[in-house]
Amino acid sequence: MNSKTIDILFKKLNDSIPKPVTELLHGNPFELLISVILSAQATDVSVNKVTPELFSAFPTPEKMQKAGAEEIITYIKSIGLAPTKSKNIAAACGELVKKHQGKVPQNREDLEALPGVGRKTANVILNTAFGKPVIAVDTHVFRISNRTGIAHGKTVLEVENRLMSVIPSKWKKDAHHLLILHGRYVCKSRKPECANCVIADECEFPDKSFL
Ligand code: SF4
């Protein structure tokens, strides 16, 4: 897809999604970090069901660390991989207290050094909490990038690198949420709603015969 088409595509997505922001409930970078760790292989809806009580009980990294994995898990047991996630959250909070004065670091290296935080989570935090123009590639972004032809790639990193090189600077900050929300509600995994899609003219997905 050429750069002019990519620009038009993002303008259309931007017009159709007035608020390209995360659906994870959070009030500060710390809460966002915990929510994103919880959201691995879980829906935002399921995470939002448990976090208000969790954050109310343990509002700071210090308090979350002191609570420890055994207490944390009692709040998040309805979420998949709860045992691993509660251990990672307790350990990550320990690192925040020990190495970062209880604050979420604003650089990739320190973020990725936290237990339970990989490249995708680090990108979400950098973008959503700190406004950096980076693009986290989750399952929706990976699928839609390949389907539309914005960025082909066999691996998440390939797609991320390609997105970063082809998306015009002015769209980079919002690109993650524009793609994720379009993927979640329109360009769905099994049945993309091509007939209701605002970027159907730009999309290279071959099977739009039912339009
Ligand atoms: S036209 Fe269909 S495949 Fe292409 S982005 Fe829209 S919903 Fe997805």
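Residues numbered from 1 in each chain as written. Predicted model: local features only at pLDDT ≥ 70, side-chain atom pairs only at ≥ 80, totals over all residues. Heavy atoms only, no water.

**Overview of the domain arrangement of the chain**
Item 1. According to the domain assignment, the chain consists of domain 1 (3-21 + 134-196) and domain 2 (29-129).
Item 2. Computed from C-alpha atoms alone, the centre-to-centre distance between domain 1 and domain 2 is 26 Å.
Item 3. Taken together, the contact between domain 1 and domain 2 spans twelve residues of the former and nine residues of the latter.
Item 4. Interface of domain 1 and domain 2: buried area, both sides summed, is about 780 Å²; carbon and sulfur atoms make up 50% of it. (Domains from an automatic or database assignment. Contact = heavy atoms within 4.5 Å. Buried area = accessible area lost by both parts, 1.4 Å probe.)

**Remarks on the pattern of salt bridges**
Item 1. Under the counting rule described, the total for this entry stands at eleven salt bridges.
Item 2. Residue Glu 95 is joined to Lys 99 by a salt bridge in which the shortest nitrogen-to-oxygen separation is 2.9 Å. Of this pair, Glu 95 and Lys 99 both sit in helix H5 (residues 82-100), four residues apart, which is roughly one turn of the helix.
Item 3. For Glu 95, a relative accessible area of 18% corresponds to the buried category.
Item 4. Residues participating in the shared-partner salt-bridge network are Glu 23, Asp 44 and Arg 184. (Salt bridge = Lys/Arg side-chain N within 4 Å of Asp/Glu carboxyl O. Helix = DSSP H or I, 4+ residues; strand = E, 2+ residues; numbered from the N terminus. Buried < 20%, exposed > 50% of the residue type's maximum accessible area, 1.4 Å probe, protein only.)

**Notes on the site of the ligand**
Item 1. Taken together, 13 residues sit near the ligand, with Cys 187, Cys 194, Cys 197, Cys 203 and Phe 205 positioned nearest.
Item 2. Among the residues forming the shell around the ligand, the class breakdown is eight nonpolar, two polar and three charged. (Near = heavy atom within 4 Å. Nonpolar A, V, L, I, M, F, W, Y, C, P; charged D, E, K, R; others polar.)

**Digging into the packing of aromatic side chains**
Item 1. Applying the stated criterion across every chain, the model contains one aromatic pair.
Item 2. An angle of 75° between the planes, with centres 5.3 Å apart, marks the rings of Phe 58 and Tyr 75 as edge-to-face. Pair noted here: Phe 58 is in the loop between helix H3 (44-57) and helix H4 (61-76) and Tyr 75 is in helix H4, with a separation of 17 residues, a long-range link.
Item 3. The ring of Phe 205 has Arg 147 lying over it, and the distance from NZ or CZ to the ring centre is 5.2 Å. (Phe/Tyr/Trp six-rings, centres within 6.5 Å; stacked < 30°, edge-to-face > 60°. Lys NZ or Arg CZ within 6 Å of the ring centre and 35° of its normal.)

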